[in-house]
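Coordinates in review
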Amino acid sequence: MALVTGESLKSELDMFDICCQDDSVLDKMVEQCICNRIQADEMVLEWVAYSTTKMGLKLTADTLELFDHEVLNKKSKSKKNPRKEETHNRTRDILLLQDLLKVEEEEENLLDAYSTPAKGSQKRALTTPEHPQSKRSAALLSSPSLLLSPASFSPSATPSQKYSQRGAKGEVVVSFGVVQGTRWAGRKTQGDGVQLELLEGPEDSLRCSYKYMFQRLRDVRNVLTEKIEELGDGLRSHFNIEEFAPISLPAQDSITVSGQVCCDSNGKLNAHSVLLEAGPEQGGQQVPVDLSELKEYSLFPGQVVALEGMNTTGRKLMATKLYEGVPLPFYSSEVKMEMEEEPMNVLVACGPYTPSDSLTFDPLLDLINVIVKDRPDVCLLLGPFVDSKHEQIEKARVTETFEAIFSRCIESIVDGTKSVGCRLVFVPSQRDVHHHFIYPQPPFTLPNLSKDQAQRVTLVPDPCTLLIDGVTLGLTSTDILFHMGAEEISCGTGSDRFSRILKHMLTQRSYYPLYPPVEEVNMDYEKFQSFGQMPLTPDVLIIPSELRYFVKDVVGCVCVNPGRLTKGQVGGTYGRLLIQRSAAPEDGRRASPCLAAQVVKI
């Protein structure tokens, strides 16, 4: 399916002497073409037929709404079953291609019969297969639907049956804050009035790709050592600890030590395998820790803690008290809030944007329809956009490059939401097959965007901290919840695992505090030290995961797992937030800028 543009629609309208000078009307028509999967010429023909029946109706935004309701909606419903004519044409194209390949094979076989085999070549099989077929034809004809690009929103890519038959569309599965009577719509002045930027500023943010796959162990050690010292100093000042004792020095009195939690082997951490590794100022050694005296604890590898206890032999620390980390302060704006300021609607969605059994982007089209309907101010879209774990990607059953599929996907999002005018933020994922899979991950590059499109699009790294109208949002597409959930151990805490892990992230002041990381995360520690830490405690933390969706308030930070837009072959969920910069409190109490949040089924 060719990309529909305003220019192509205008030229088709000119053929019928239909004058249209309003760009917003053309944008609306482009949006209707994308959502209903029709070409520019077909769209104009439908309009001419409709306007004629309505006594020469003029082309305006209002009449387009009526046209969409009365004609296009009914047309899209009748299109669910593919037409016989299309199937016949497609079959005829495949048969024609088969004939061409057959002729080409016969020519190759004839040439092979007259040529002398090379010295090192393998002998041909003496038996002839019943239906000979070259590798080239086998690859092309293994799946006829892939002769046309599955990335284009065309009927040639087989739609997912389970996704199209899903139920409970639009059902709210999680709510947070005051949601009763809440209007989930953007401001009246779309896009232009939204101030959106990276909190660290462009100079101190990860803006482009960098050289990786070479880091010395000494550099990794220096990064970890600085982390132990920095978080240790924070613990000491917060809990008024005079000084930390050397970790391996025998002492008959109770001492307080700090260090990083690690495991005594390559296996999973448990209560009997905990070691504490001190920084260089406290000796830099590892000592086993006995946790039997602690009534409650929650630990994971890489966590920096302070422990109070006895170490009479210098070979084992009997812990009696655990000091956990302290979160950073929240963002405080010097700009005064206007009294009449409206709340801002933010939509959050995380890939994959295709079902696992098909490469049709039906879930993405449904999301574009949601954006057009709800008209949010900002859309945060996290990868993967071209998922490396997709079955057809793994088996290389695509006829376009991964970059081309990604570009078409982004263009459809940008063009489909043009009439809404919302700001679009794209966050890469480790699972994006066309992008650098290194952590921290540089932002996408989209050189083909026009100047008008680029004004609405913000490309950010993973992870990052955004400042949107005085409200800070922390974003990461890496599934740290899943990774830490498999490594964390706890006893007697009484809280749920999600809340504990989220609190660890905020108190360790890092978007990925786990060390060593899981095998699938390729960590560059020098860049991680610069771009993987939290500069402050965000007001809202967006942390998508394979685990169950939720919205939680953890130490004042609203943490949102919107889920993934697709879960296997069926539809998933997305999130929406209503945020408003809070005025400076008179009594010193901080009010959360997140007024309400919901997780909704697509």
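Residues numbered from 1 in each chain as written. Predicted model: local features only at pLDDT ≥ 70, side-chain atom pairs only at ≥ 80, totals over all residues. Heavy atoms only, no water.

The name given to the protein chain in an unreviewed UniProt entry is DNA polymerase alpha subunit B, and the organism recorded there is Zoarces viviparus. What the UniProt record of the protein chain gives under Subcellular location (unreviewed entry) is the line "Nucleus". The Function (unreviewed entry) field of the UniProt record for the protein chain holds the comment "Accessory subunit of the DNA polymerase alpha complex (also known as the alpha DNA polymerase-primase complex) which plays an essential role in the initiation of DNA synthesis." (UniProt positions renumbered as here; feature names shortened; annotations may be inferred.)

**Some thoughts on the pattern of salt bridges**
Taken as a whole and assessed by the stated rule, the structure comprises 19 salt bridges. In this structure, the salt-bridge partner of K552 is D496, at a minimum N-O distance of 3.5 Å. Here K552, found in strand β17 (residues 550-554), pairs with D496, found in the loop between β15 (489-491) and α14 (497-508); they are 56 residues apart in sequence, far enough to count as distant. K552 gets classed as partly exposed once you look at its relative accessible area, which sits at 22%. D496 gets classed as partly exposed once you look at its relative accessible area, which sits at 33%. Where salt bridges share partners, they join D387, R431, E546, R564 and K567 into one cluster. (Salt bridge = Lys/Arg side-chain N within 4 Å of Asp/Glu carboxyl O. Helix = DSSP H or I, 4+ residues; strand = E, 2+ residues; numbered from the N terminus. Buried < 20%, exposed > 50% of the residue type's maximum accessible area, 1.4 Å probe, protein only.)

**Describing the side chain of R564**
Structurally, the position occupied by R564 is in the loop between β18 (557-561) and β19 (566-567). Relative accessible area serves as the criterion here: at 5%, R564 is assigned to the buried category. Among the polar contacts made by the side chain of R564, one reaches the main-chain carbonyl oxygen of G351 at a distance of 2.9 Å. Among the polar contacts made by the side chain of R564, one reaches the side chain of E546 at a distance of 3.0 Å. Non-local contacts of R564, meaning those with residues more than four positions away in its chain, are made with C350, G351, P352, G383, P384, R431, D479, S545, E546, G572 and T573. (Polar contact = N/O pair within 3.5 Å; in protein donor to acceptor, adjacent residues only side chain to side chain. Contact = heavy atoms within 4.5 Å.)

**Some remarks on unusual backbone geometry**
G351 connects to P352 through a cis peptide bond whose omega is 10 degrees. Within the secondary structure, P352 is located in the loop between β9 (344-350) and α9 (362-374). The omega torsion across D462 and P463 is 0 degrees, close enough to zero to call that bond cis. Mapped onto the secondary structure, P463 falls in the loop between β12 (457-459) and β13 (464-468). Residues other than glycine seldom take positive phi values, yet D17 does so here, at roughly 55 degrees. Considering the arrangement of structural elements, one finds D17 in the loop between α1 (6-15) and α2 (23-36). Residue class for D17 comes out exposed when judged on its relative accessible area of 72%.

**Topic: the sheet that holds strand β3 (residues 251-263)**
Strand order in the closed barrel formed by five strands is β3-β4-β5-β8-β7, and the pairing between neighbours is mixed. Pairs of neighbouring strands in the sheet enclose a mean axial angle of 55 degrees, with direction left out of account. Note: strand β5 (residues 286-290) against strand β8 (residues 317-323), two bridges, orientation parallel. Note on β8: the bridge partner recorded for V289 is L317. Across the sheet, helix α8 (residues 217-238) touches β3, β4 (274-277), β7 (304-311) and β8, and the angle it forms with β7 is around 75 degrees. (Pairing = 2+ DSSP bridges. Axes fitted to C-alpha atoms, helices over the stretch in contact; angles between N-to-C directions.)

**Let's talk about the packing of α9 against helix α11 (residues 402-416)**
Where α9 contacts α11, the two axes come as close as 10 Å, and the packing angle between them is 20 degrees. Viewed along their axes, α9 and α11 adopt a mutual orientation that is roughly parallel. Relative to α11, the crossing made by α9 is right-handed. Where α9 approaches α11, its residues L364, I368 and V372 are matched on the opposing element by C409, S412, I413 and G416. Classifying every residue of the contact of α9 with α11 gives five nonpolar, two polar and no charged. (Parallel < 35°, antiparallel > 145°, perpendicular 65-115°, else oblique. Left-handed = near helix turned anticlockwise from the far one by under 90°. Nonpolar A, V, L, I, M, F, W, Y, C, P; charged D, E, K, R; others polar.)

**What about the packing of aromatic side chains?**
Given two aromatic rings, one states the distance between the centres and the angle between the planes to describe the pair. Here the structure, examined in full by the defined rule, presents 15 aromatic pairs. Both rings, one in Y439 and one in Y512, keep their centres 5.6 Å apart while their planes meet at 55 degrees; by these two values the pair is tilted. A residue pair is termed long-range when its members are at least 10 positions apart, and Y439 in the loop between β11 (423-427) and α12 (451-456) and Y512 in the loop between α14 and α15 (525-531) qualify at 73 residues. Taking relative accessible area as the criterion, Y512 reaches 1% and is therefore assigned buried. Within the aromatic cluster, the residues linked to one another by ring pairs are Y353, F385, F406, F426 and F444. Geometry around F550 places K552 over its ring, the cationic atom sitting 5.9 Å from the centre. (Phe/Tyr/Trp six-rings, centres within 6.5 Å; stacked < 30°, edge-to-face > 60°. Lys NZ or Arg CZ within 6 Å of the ring centre and 35° of its normal.)

**Describing the sheet that holds strand β16 (residues 540-542)**
The strand order β2-β13-β14-β16-β18-β17 describes an open sheet built from six strands, whose pairing is mixed. With one partner strand each, in any of the chains shown, β2 (196-198) and β17 form the two edges of the open sheet. If you compare each strand with its neighbour and ignore which way they point, the axes differ by 25 degrees on average. Taken together, the five bridges between β17 and β18 define a ladder with antiparallel strand orientation. Bridged to V554 within β18 is C557. Across the sheet, α14 touches β16, β17 and β18, and the angle it forms with β17 is around 55 degrees.

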